[in-house]
Amino acid sequence: MSRIAVTRLQQNFPDKIISASSDHGDETVLVRKDDLVAILCFLKNESDLDFNLLADLCGVDYLGRKEDRFEVVYNLYSLTKKHRLRLRVPVNENDCVVPSVQHMYRSANWAEREAYDLFGIRFEGHPDLRRILTHNDFVGHALRKDYPIERGQIMRTPAELTDFKETEEMRCQCADEIKCELLPLNIGPSHPAMHGALRVKVLLDGEKIVNSITEIGYLHRAFEKSAETHSYTQVIPYTDRLNYCSTLLNNVGYCFAVEKLMGIELTPRTVVIRVIVSEIARIIDHLVCIGAQAVDLGALTNFWYFFNVREKFYDLIEAMCGARLTTSYTRIGGLYRDLPDNFADWLRRLITEDLDQAIKDVAGLLEKNRIFIDRTRDIGVISLPDAMDYGFTGPCLRACGCSYDVRKAHPYYHYESYDFDVPVGTRGDTYDRMLVRFEEMRQSAKIILQALQNLPDGPINISDPRVILPAKQEVYNSIEGMMNHFKLVSEGILPPAGETYGYIEAANGELGFYIVSDGTGKPYRIKVRPPCFYIFNSYDQLIRNGLVADAISILGSLNIIAGELDR
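A quick note: this is a predicted structure, and the numbers were derived from the prediction, not measured.

What counts, and at which threshold
- Per chain, residues are indexed from 1 in the order of the written sequence.
- Only residues with pLDDT of 70 or above have their local features reported here, since the model is predicted, and side-chain atom pairs are shown and tallied only from 80 upward, although totals for entire chains, interfaces and linings are computed over all residues.
- Calculated side-chain values reflect all of the structure's heavy atoms, with hydrogen atoms and water omitted.
- In this text, helices come from DSSP runs of H or I with a minimum length of four residues, and strands from runs of E with a minimum of two, each type numbered from the N-terminal end.
- Contact criterion: two residues are considered in contact whenever any of their non-hydrogen atoms come within 4.5 Å of each other.
- Counted as salt bridges are all cases of a side-chain nitrogen of Lys or Arg within 4 Å of a carboxyl oxygen of Asp or Glu.
- We call a residue buried when its accessible area falls under 20% of the maximum for its residue type, exposed when it is over 50%, and partly exposed in between, using a 1.4 Å probe and counting protein chains only.
- Only Phe, Tyr and Trp rings are paired, with Trp represented by its six-membered ring, and only when their centres lie within 6.5 Å; those with planes under 30 degrees apart are stacked, over 60 edge-to-face, the remainder tilted.

Visitor: Outline the environment of Lys260, listing residues and values.
Guide: Structurally, Lys260 is set in helix α7 (residues 247-262). As a C-alpha pair, Lys260 and Ile448 span 188 residues in sequence and 24 Å in three-dimensional space. Those residues in contact with Lys260, other than ones at most four positions away along the chain, are His24, Asp26, Thr500, Tyr501 and Gly502.

In structure tokens:
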């Protein structure tokens, strides 16, 4: 289907397509920036193409090119046709301006701000083009290749968010034409209800939020910059710090992308183990989300029920890889080590007894609880078209009635052979987002039990000297083994030059890694597609015209993880 999109573009824009290529199953089209808007309109509005989701947007700095130093990369997806297309737009350093597409895809709002912040690419027509991850006094653009990673810049003076432009207009719209004062209020970042790293400035008419501005960047860790200075294997521990509530999924997603770039096929045992650990991570993430959301609303008992079973999962993970939170369990081409001997029985008992009982306990306390229903039902409603426009994926999109799940739409690791359902909601509200996660835990448990039943024997690492260290016996007793070990440690894994986008279904939605390789042992560019970055972009719309209390309830249902959001 993606090839059809390329063919249609070549037919309708014969003079505007610079080039088209197919690499690692990804279809890519190079277009000029003056033709970008027209081409995107065509791709979005043609019924047989229907690219209704701008999944990601990022910049790339090709320092050393004589012309067009930068590129802006648009990763498009059709939720109805289930096909993808990547657009690349070259940008000259002396004319570093690209038309904004925020009016076509609201997911481009924050994505364009990020590309501006980190690369200095300006998006003409963007309504609020300002820095988003670095502070306002930051000099330069951090992801440019000529910006040294060791140059830190401390923010020494507090910065004010953009002033509300509509204040006077809103004062004129108050009820009964009574002149009123609207109260500005900062919610977060140093507050448990905002999870410690999120800030929202709201304008209040009593308890009602009439306007708001959301700010992020308080946990910016420069993951993508750090990845450029480390080997592909050394990046794995950094992925733990993205969504730290489901680190195993980050490990799997990153290695999946590198393996796609290198054309690596895993052993059957490794494939099944990765399915198992992915579903364990999904369950843990949902336990945290629902438990923390309940605490935000004052329901502490549920938190203990879910965190009790969560700790038991962490005991299992610790036995599996020696760590609890930051696992670094996967390796490119395999796994860190095999499962412990008692793993299957331990996990099966944990799933069928502890988890099942915890879900029954919390569902019984919340699903029909009048207070909880009043705080969540018809609160934070978003329509399916709006959710797609903002780039929603995962439980938040499925709560709106769309069944898109990467495991079903684009099966990897043989997910098509597992019997499981994709739960969807109908309202797209806070309550449905919670119910979807409850059912997803049940479905993940179902997948795990099937995987344990069919777990094959065999090696956990491929026998490929390009990526896997030789056995110690070979290193100590053969010159070939010693040289192989030395080259892998000193040079690292050497993927071929090229680019790819690998993506999986993480706990919050589609987690993608866009990787550009120059053939060396370090990634030239890694761009993470974090699910909650695009979900949180919609927060201002979700809380507007609601109450302050609703804003807290809505935030908990979105499950924003700051490490993934800010990277």
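Visitor: Give me the pattern of salt bridges: which residues, what numbers.
Guide: The final tally for this structure, using the stated rule, is 47 salt bridges. The shortest N-O distance in the salt bridge between Asp48 and Arg8 comes to 2.2 Å. Residue Asp48 is found in the loop between α2 (36-45) and β3 (53-61), and its partner Arg8 is found in helix α1 (residues 2-12); the two are separated by 40 residues along the sequence. What makes Asp48 partly exposed here is its relative accessible area of 33%. For Arg8, a relative accessible area of 17% translates into the label buried. Between Glu510 and Arg84 there is a salt bridge, with its nearest N and O atoms 2.6 Å apart. With a gap of 426 residues between them, Glu510 in strand β14 (residues 509-517) and Arg84 in strand β5 (residues 84-91) connect regions that are remote in the sequence. Comparing Glu510 with Arg84, the two get one shared label, buried. In the salt-bridge network here, residues are joined through shared partners; they are Asp26, Arg65, Glu71, Arg86, Arg88, Lys260 and Glu499.

Visitor: Describe the packing of aromatic side chains, with residues and values.
Guide: With the rule as written, the count across this model stands at 19 aromatic pairs. Between Phe256 and Tyr412 the ring centres are 5.6 Å apart and the planes differ by 55°, which places this aromatic pair in the tilted class. Of this pair, Phe256 sits in helix α7 while Tyr412 sits in the loop between α14 (406-409) and α15 (430-453), and the two are 156 residues apart along the sequence. For the pair shown, Phe256 and Tyr412 are each scored as buried. Summarising the aromatic geometry, the rings of Phe303 and Trp304 are spaced 5.0 Å apart at their centres and angled 75° between planes, so their arrangement reads as edge-to-face. By relative accessible area, Trp304 is classed as exposed at 53%. Ring pairs connect the aromatic residues Phe256, Tyr412, Tyr413, Tyr415, Tyr418 and Phe420, which therefore count as one cluster.

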